[in-house]
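# Fold and contact review
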Amino acid sequence: MAFKKLKPATIAARAAGSTDAASAGVVPGIHLATTYMRGSDNALIRDDNQYGRDQNDTVRQAEEVLRQLEGAAATRLFPSGMAAIAALFRTIPNGGRVVVQSGIYWGATAWIRDFCARRGVALTEVEATDLAELTAACAEPADLVWIEVPSNPWLRVVDIAAAAALARQAGALLAVDATAATPVLMHPLALGADMVMHSATKAINGHTDVLAGVLSCADADSAVWQAITADRHDAGAILGPFEAWLLLRGMRTLPLRLERMCASAQAVAAFLQRHPGVEDVFYPGLQSHPGHDIATQQMTGGCGYLMSVLIRGGREVALAVAGRLELFHRATSLGGVESLIEHRHTVESDTGIPENLLRLSIGIEDVDDLIADLDQALNG
Ligand SMILES: *Cc1c(COP(=O)(O)O)cnc(C)c1O
């Protein structure tokens, strides 16, 4: 059968066609070899396999699933989301300039600030959902514009196509951290971004048992992509084969999990918005959200699984609500099959996070059970 383009659920369920040729197994094996053989003529038996840093078929199979879902020219996996971010920023020349969205994943902001200070890179932090602010920041030349869509934990939604045009005017690449959207709900490369990054630790793996990060690009021949590829090979920030295999397994249900997670998140957000114990809900699927229109234009199939709420009554009430929950685990991270809740101010106290903010990651449990749990916790 000649399919022009397979749909995401088909790509994912079939792991982009990876099977085990050696055993005829439907499921690929885990390739653990750290080195590969040469023939009697001293030629490599397989040109693309010489040494396990960074040549590994299991890792390549996982990358191929992600590449197809993303619609990318090329994709590379890294041992964590932060390792993927670091691999990209290490391509910025000393003395260069980057424009970075403010109020994003705190681990990225903290690392980028430190990196730029050490390397003499000028850093402009900007509220990138405000296109006037982003335009001003892009008036001077830059090497990279970094945005996070939707942002964590504020769920702000930058207009990616507009940001791409502004980045181009500054001579910069646009890179998007799309962790909260996944490569199923949003395709930043099709909207004009040059690079997409995900923490695959989150919904991509989805089972809260793998740390991984991923970078995908629109142009595999670009100097930046070549530098990222060389850096991973030479500096060795590689994903282990077992983690890659778990990712391959987890991703088979990614589109299916997202269907449930998005539908449940929408229902949970609507419930929370109506509850008198809640001051505000940040979820792009709500019509009242300032990024709703752009989110629904940029995303298909739902607005994701992540949301934040402000609890009426302040810090102690918010902590008490979180403490009464029985189904939501109180833990950091997001995107797993099990729902999580976190009091962000506890881990990020000096960044302007309100003390009554709780961040929720909605899993695949029955939504009635989740809402009942939130209801009893809010009602005290
Ligand atoms: C978790 C996260 C990261 C970092 O990923 P790790 O896999 O934990 O290193 C980056 N960006 C966002 C939006 C995240 O949620």
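This is a predicted model, so every value here is computed, not measured. Numbering of residues starts from 1 in every chain and runs along the sequence as written. Thresholds applied to this predicted model are a pLDDT of at least 70 for local features of residues and 80 or more for the giving and counting of side-chain atom pairs; totals over whole chains, interfaces and linings are not thresholded and use all residues. Values reported for side chains reflect all heavy atoms of the structure, with hydrogen atoms and water molecules removed beforehand.

### Here we look at the site of the ligand
Being near a molecule or strand, for a residue, means having at least one of its heavy atoms within 4 Å of it. Met82, Asp177, Ser199, Thr201 and Lys202 are the nearest of the 13 residues found near the ligand. Interatomic distance of 2.8 Å between a side-chain N/O atom of Ser199 and an oxygen atom of the ligand. Secondary structure elements with two or more residues in the shell around the ligand: helix H3 (81–89) and strand S6 (195–199). Classification convention: Asp, Glu, Lys, Arg as charged; Ala, Val, Leu, Ile, Met, Phe, Trp, Tyr, Cys, Pro as nonpolar; all other residues, Gly among them, as polar. Looking at the shell around the ligand residue by residue, the class counts come to 4 nonpolar, 6 polar and 3 charged. Definition of a polar contact: a pair of N or O atoms within 3.5 Å, with one able to donate and the other able to accept a hydrogen when the atoms are protein atoms, and with sequence-neighbouring residues admitted only if both atoms are side-chain atoms. In this description a helix means any DSSP run of H or I spanning at least four residues, a strand means any run of E spanning at least two, and both kinds are numbered starting from the N terminus.

### Observations concerning the UniProt feature "modified residue: N6-(pyridoxal phosphate)lysine" (unreviewed entry) in the chain
UniProt positions are given in the numbering used here, feature names are shortened, and annotations may be inferred rather than shown by experiment. As recorded in UniProt, the sites labelled "modified residue: N6-(pyridoxal phosphate)lysine" (unreviewed entry) are Lys202. It only takes one pair of heavy atoms within 4.5 Å for two residues to be counted as in contact. With near-sequence residues (within four places) excluded, Lys202 lies in contact with Thr179, Tyr305, Ser333, Leu334 and Gly335.

### Topic: the nonpolar core
Definition of nonpolar core: a set of buried residues of the types Ala, Val, Leu, Ile, Met, Phe, Trp, Tyr and Cys, connected through side-chain atoms within 4.5 Å. Burial classification: accessible surface area is computed with a 1.4 Å probe over protein chains only, and a residue below 20% of its type maximum counts as buried, one above 50% as exposed, and the rest as partly exposed. Core analysis: the biggest nonpolar cluster contains 95 residues, and Ile147, Leu174, Leu272 and Leu360 have the highest contact counts within it. At 9 residues, helix H10 (residues 254–274) tops the list of elements feeding residues into this core. The residues that make up this core include at least three from each of domain 1 (8–251) and domain 2 (254–379). Those residues in contact with Leu360, other than ones at most four positions away along the chain, are Val268, Leu272, Tyr305, Leu306, Met307, Val309, Phe328, Leu340, Ile341 and Leu374. Residue ranges labeled as domains rest on an automatic or database domain assignment.

### Some points on the sheet that holds strand S11 (residues 340–343)
A pair of strands is treated as paired once DSSP finds two or more bridges between them. With mixed pairing, 5 strands are arranged side by side in an open sheet as S8-S9-S12-S11-S10. With one partner strand each, in any of the chains shown, strand S8 (278–282) and strand S10 (329–330) form the two edges of the open sheet. Of the pairings in the sheet, the one linking S11 to strand S12 (residues 357–361) comprises 4 bridges and is antiparallel in character. Bridge pairing in S12 links Ile341 to Leu360. H10 contacts S8, strand S9 (306–311) and S12 of the sheet and is inclined by roughly 10 degrees relative to S9. Comment: axis = line fitted to C-alpha atoms, over the contacting stretch for helices; angle = value between 0 and 180 degrees taken between N-to-C directions.

### Comments concerning the sheet that holds strand S5 (residues 173–177)
Taken in spatial order, the 7 strands make up an open sheet running S1-S7-S6-S5-S4-S2-S3, and their pairing is mixed. Since the sheet does not close on itself, it has two edges, and those belong to strand S1 (74–78) and strand S3 (122–126), each with one partner. For this sheet the average axis-to-axis angle between neighbouring strands, irrespective of direction, equals 20 degrees. In this structure, strand S2 (residues 97–101) lies alongside S3, joined through 5 bridges in parallel fashion.

### Overview of the pairing of strand S4 (residues 144–148)
Of all 5 residues that make up S4, 5 are buried, and the element is covered over most of its length. Of the two faces of S4, the one lined by Leu144, Trp146 and Glu148 and the one lined by Val145 and Ile147 are each fully buried. Here 3 bridges tie S2 to S4, and the two strands are oriented parallel to one another. Each bridged residue has a counterpart across the sheet, and for Val100 the counterpart in S4 is Trp146. Here S4 runs beside S5; their pairing, made up of 5 bridges, is parallel.

### Let's talk about a nonpolar patch on the surface
To count toward a patch, a residue needs a relative accessible area over 30% and no salt bridge; like charges are then connected within 9 Å, while nonpolar side chains (Val, Leu, Ile, Met, Phe, Trp, Tyr) are connected within 5 Å. Only the protein chains shown count as covering a residue, and every accessible area follows the Shrake-Rupley method with a 1.4 Å probe. The term salt bridge refers to a pairing of a side-chain nitrogen on Lys or Arg with a carboxyl oxygen on Asp or Glu at a separation within 4 Å. On the surface, Ile30, Leu32 and Phe242 cluster together into a nonpolar patch covering about 290 Å² of accessible area. Given the relative accessible area of 62%, Leu32 is considered exposed.

### Comments concerning the packing of helix H2 (residues 57–70) against helix H9 (residues 241–251)
Two elements in contact, H2 and H9, have axes separated by 8 Å at closest approach and are oriented at 35 degrees. When the axes of H2 and H9 are compared, the crossing they make is left-handed. Within the contact between the two elements, H2 uses Thr58, Val59, Gln61, Ala62, Val65 and Leu66 and H9 uses Pro241, Ala244, Trp245, Leu248 and Met251. Crossing handedness follows the turn of the near helix against the far one: under a right angle anticlockwise gives a left-handed crossing, and clockwise gives a right-handed one.

### Quick notes on H9
Most of H9 sits inside the fold, with 8 of its 11 residues counted as buried. All buried positions along H9 are accounted for by Pro241, Ala244, Trp245, Leu246, Leu247, Leu248, Gly250 and Met251. Against helix H1 (8–13), H2, S1 and H10 lie the buried residues of H9.

### Some details on the pairing of S6
With 5 of 5 residues buried, S6 is to be regarded as a mostly interior element. Pairing of S5 with S6, which is carried by 3 bridges, proceeds in the parallel orientation. Bridging from a neighbouring strand, Asp177 pairs with Met197 of S6. Two elements, S6 and strand S7 (residues 213–217), share 5 bridges in a ladder whose sense is antiparallel. Its bridge partner lying in S7, His198 is registered against Val214.

### Some words on the pattern of salt bridges
In total, this model carries 16 salt bridges according to the counting rule given. A salt bridge links Asp48 to Arg46; the nearest nitrogen and oxygen atoms lie 3.0 Å apart. In this structure Asp48 comes out as partly exposed when scored by relative accessible area, which is 34%. With relative accessibility at 35%, the residue Arg46 sits in the partly exposed group. The partner of Arg344 in a salt bridge is Glu342, with the nearest N and O atoms 2.9 Å apart.

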